[in-house]
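Structure assessment
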Amino acid sequence: MFFLVTFVVFENSLKQFKSFLVSYLTQKTIKNSVYFKGIALHSGENVNISIKPADPNQGIVFKRVDLNCNNLVYPNFINVTNTLLNTTIENEHGIKVSTIEHLMGALFGIGVDNAIIEIDKDEVPILDGSAKEFIEKILSSGLKVSNEPIKVIKINKKVEYSDKGRFISIEPSTLSLNIDYELKYKNEIIGNQRNKVKVYEDDLTDVYNSRTFCLYEDIENIKSNGLAKGGSLDNAVVVKDKEILNPNGLRNNKEFVNHKILDCIGDLYTSGFRIIANIKCSGGGHYLTNKLLKKTFSDKNNYSILEIKERNLPHTLINKTLLKSIA
């Protein structure tokens, strides 16, 4: 009797696991529309945004609903026109959407392949300065699974980009996306931080919960450039000398470098698909990541686009945190 029960439990687990694999290997969108409203970090304007389901192979599309025509903007690295303290995309008609990186990181992390993002201003709201609220609300909506297989980008050759002592590189990986990120600041609180993550395997809660940050002495200069009009301690970590000005301090002991990893993940998603690669970065940011993508995709020998089916599943595309749901 024991062996029979064990076999039945095992067989049921296999059925669950196979069902899980099929759903993970196929493209997904959100099940129900989700809505956000909040202040834009740089413009200071109040913004409304809704994320809606989209058909397979449509990808992620931003739609400026405050405009009547030419209002679709695609978050592709080719369309990135500004990387100063945010990632801004722009279509051929000059229509822009800025500060897309946290939302793009959330969509990448959850595994949303297709979505229409309606927005009534030209900047995504900053919310709490991380991807936390995006993640929570999108997950509460649930995901709708299609029958179309996912695609991934596999890096075939090492590509590097450097600028004024900062560098970023991407090189082949067998099955995973690994990010090794180093942050160097003279400030004692931030200092030199480094973290390595396996994006498809590790628990990335700390990464997605980590907020944008700045030095107190930089605020006046940033605002003189017309930026950070909506910045506050509610949406950014501010460091002054040896003190963190936010009353509740940090959310994790590597919040600074973890936020940079979040930005990197969001910017990598402007490639259009998940990536299989090893990435190393020191002192990077939106500019370096975008330059790396442009350099990588300028030569077709550097990469391959693979359609993933069950028979050729890279096992690390199944995040361990997702596997817990069938345990």
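Check the entry above for the structure.
Residues numbered from 1 in each chain as written. Predicted model: local features only at pLDDT ≥ 70, side-chain atom pairs only at ≥ 80, totals over all residues. Heavy atoms only, no water.

**Comments concerning the packing of aromatic side chains**
Counting across every chain of the model gives eight aromatic pairs. Note on Phe108 and Tyr200: the rings are 6.3 Å apart at their centroids and 10° apart in plane angle, and the pair reads as stacked. Note that Phe108 is positioned in helix α2 (residues 101-110) and Tyr200 in the loop between β15 (192-198) and α4 (205-209), a separation of 92 residues in sequence. Grouping residues by exposure puts Phe108 and Tyr200 together as buried. Between the aromatic rings of Tyr161 and Tyr287, the centroid separation amounts to 6.3 Å while the plane-to-plane angle is 70°, which identifies the pairing as edge-to-face. Of this pair, Tyr161 sits in strand β12 (residues 159-163) while Tyr287 sits in helix α7 (residues 286-296), and the two are 126 residues apart along the sequence. (Phe/Tyr/Trp six-rings, centres within 6.5 Å; stacked < 30°, edge-to-face > 60°. Helix = DSSP H or I, 4+ residues; strand = E, 2+ residues; numbered from the N terminus. Buried < 20%, exposed > 50% of the residue type's maximum accessible area, 1.4 Å probe, protein only.)

**Quick word on the pairing of strand β11 (residues 151-155)**
The pairing of β11 with strand β20 (residues 303-307) spans five bridges and is classified as antiparallel. In the sheet register, Lys154 faces β20, and the bridge partner there is Ser304. One ladder, built from three bridges, connects β11 with strand β19 (residues 274-282); its direction is parallel. Residue Ile153 lies in a different strand from β19, and its bridge partner there is Ile275. (Pairing = 2+ DSSP bridges.)

**So, the sheet that holds strand β7 (residues 88-90)**
The three strands are arranged β6-β7-β8 in an open sheet whose pairing can be described as antiparallel. Because the sheet does not close on itself, it has two edges, and the strands there are β6 (80-82) and β8 (96-97). Pairing analysis gives two bridges linking β6 to β7, with the strands arranged antiparallel. The residue bridging Asn82 from the neighbouring strand is Thr88, located in β7.

**Focus: the pattern of salt bridges**
By the definition in use, this model includes 10 salt bridges. Between Lys52 and Glu118 there is a salt bridge, and its shortest N-O distance comes to 3.1 Å. Of the two residues, Lys52 sits in strand β3 (residues 46-52) while Glu118 sits in strand β9 (residues 115-119), which places them 66 residues apart along the sequence. In this structure Lys52 comes out as partly exposed when scored by relative accessible area, which is 26%. Here Asp128 and Arg251 are joined by a salt bridge, their closest N and O atoms 2.9 Å apart. With Asp128 in the loop between β9 and α3 (132-141) and Arg251 in the loop between β18 (243-244) and α6 (255-268), the pair connects residues that are 123 residues apart, well separated along the chain. On the basis of relative accessibility, which here comes to 37%, the residue Arg251 falls in the partly exposed class. (Salt bridge = Lys/Arg side-chain N within 4 Å of Asp/Glu carboxyl O.)

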